[in-house]
Amino acid sequence: MKKIILLCCMLFLCSCSHISLPSSVYVIDVPQENEKQFDNSVHSGNGPVIAIMPISIPAYLNRPQIVMREKGSRIQISENHRWAENLDKAISRVLATSLTDTLSAVNVVAVPLKLGVHFDYTIQLDISRFEGNLNESLELDAFWTLQKNGVKVLQSSFYKKVPVGGSYSDLVSAYGTLIYYLAENMAQCFYAQIR
């Protein structure tokens, strides 16, 4: 009898000590239908370089877990669905790729800010809302500023909402789509300034 109780206790302790790993990890990318197939490094030095400054996003979004907003002010944090990188870094990376692709006609290269990189312009991006729900929509509300030598050249706000399907993959795809739309919006404003 003691052996059975001891075995049950050991099984109970082993089950309590089990740490579950996230079941799915996601990377945001440029939507496949919008991605241009060229090597960004080929264009380095041929046109202006835009450095994307560290992006400001709400702290509750910048976590490993994917966050969705429920009705009202309540948020849902998914332990089993996580980002592969910090959300602000992912946004910067995808925005840089999207801007470079969108501004390829004037040989612009956009890069996340790095020490030692010479740049002609900087972009400051402040995101106030970047959230949504499965089977509903994802919305992006942001304000951006383009500067040259520390002087403001342009600034604008951006708001867009896109539908989201029923899976986390659909949600992550919507993130990439909205970042691409933001890059398109910026590029339209930039053309007159950076030629």
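Look up a bit, the structure's there.
Rules of the game
Just so you know, the residues in each chain are numbered from 1, in the order the chain's sequence is written. Residue-level local features of this predicted model are given only where pLDDT is at least 70; pairs of side-chain atoms are given and counted only at 80 or more, and the full residue set underlies all totals for whole chains, interfaces and linings. Hydrogens and waters are ignored; side-chain quantities use all the structure's heavy atoms. For helices the rule is a DSSP run of H or I covering at least 4 residues; for strands it is a run of E covering at least 2, with both sets numbered from the N terminus onward. Should any heavy atoms of two residues lie within 4.5 Å, those residues are counted as being in contact. Calculation of accessible area relied on Shrake-Rupley with a 1.4 Å probe; when residues are assessed, cover is drawn exclusively from the protein chains displayed. Following DSSP output, two strands are said to pair if at least two bridges run between them. Remark: nonpolar core denotes a set of buried residues (Ala, Val, Leu, Ile, Met, Phe, Trp, Tyr, Cys) joined through side-chain atoms within 4.5 Å. Throughout, exposure labels follow a simple rule: accessible area from a 1.4 Å probe, protein chains only, divided by the maximum for the residue type, with under 20% read as buried, over 50% as exposed, and the rest as partly exposed.

A.B. asks: Sorry if this is basic, but what is going on with the overall build of the protein here?
C.D. replies: Helix and strand counts for the protein come out as three helices and eight strands. The linear arrangement of helices and strands in the protein, starting from the amino end, is α-β-β-β-β-α-β-β-β-β-α. Sequence separation of at least 24 residues holds for 69% of the intrachain contacts in the protein that already meet a minimum separation of 6. A total accessible area of about 11000 Å² is found for the protein, and carbon and sulfur atoms account for 54% of it.

A.B. asks: Before we go on, may I ask you to explain the pairing of strand β7 (residues 137-148) in this structure?
C.D. replies: If a strand is regular, its side chains alternate between the two faces of the sheet. Of the strand pairs in this sheet, strand β6 (residues 121-132) and β7 are connected by ten bridges, and their pairing is antiparallel. Paired with G132 across the two strands is L138, which belongs to β7. Hairpin connection between β7 and strand β8 (residues 151-163): a loop of two residues separates the two successive antiparallel strands, and N149 in this loop has a positive phi of roughly 55°.

A.B. asks: Would you mind going over the nonpolar core with me for this structure?
C.D. replies: Most often, soluble globular proteins have nonpolar side chains that are buried together. Ranked by size, the top nonpolar core spans 51 residues in total, and within it L99, L125, F130 and F190 carry the most contacts. The leading source of residues in this core is helix α3 (residues 168-194), at 14 residues. Apart from residues no more than four positions distant in its own chain, F130 is found in contact with L61, I91, L138, E139, L140, Y175, L178 and I179.

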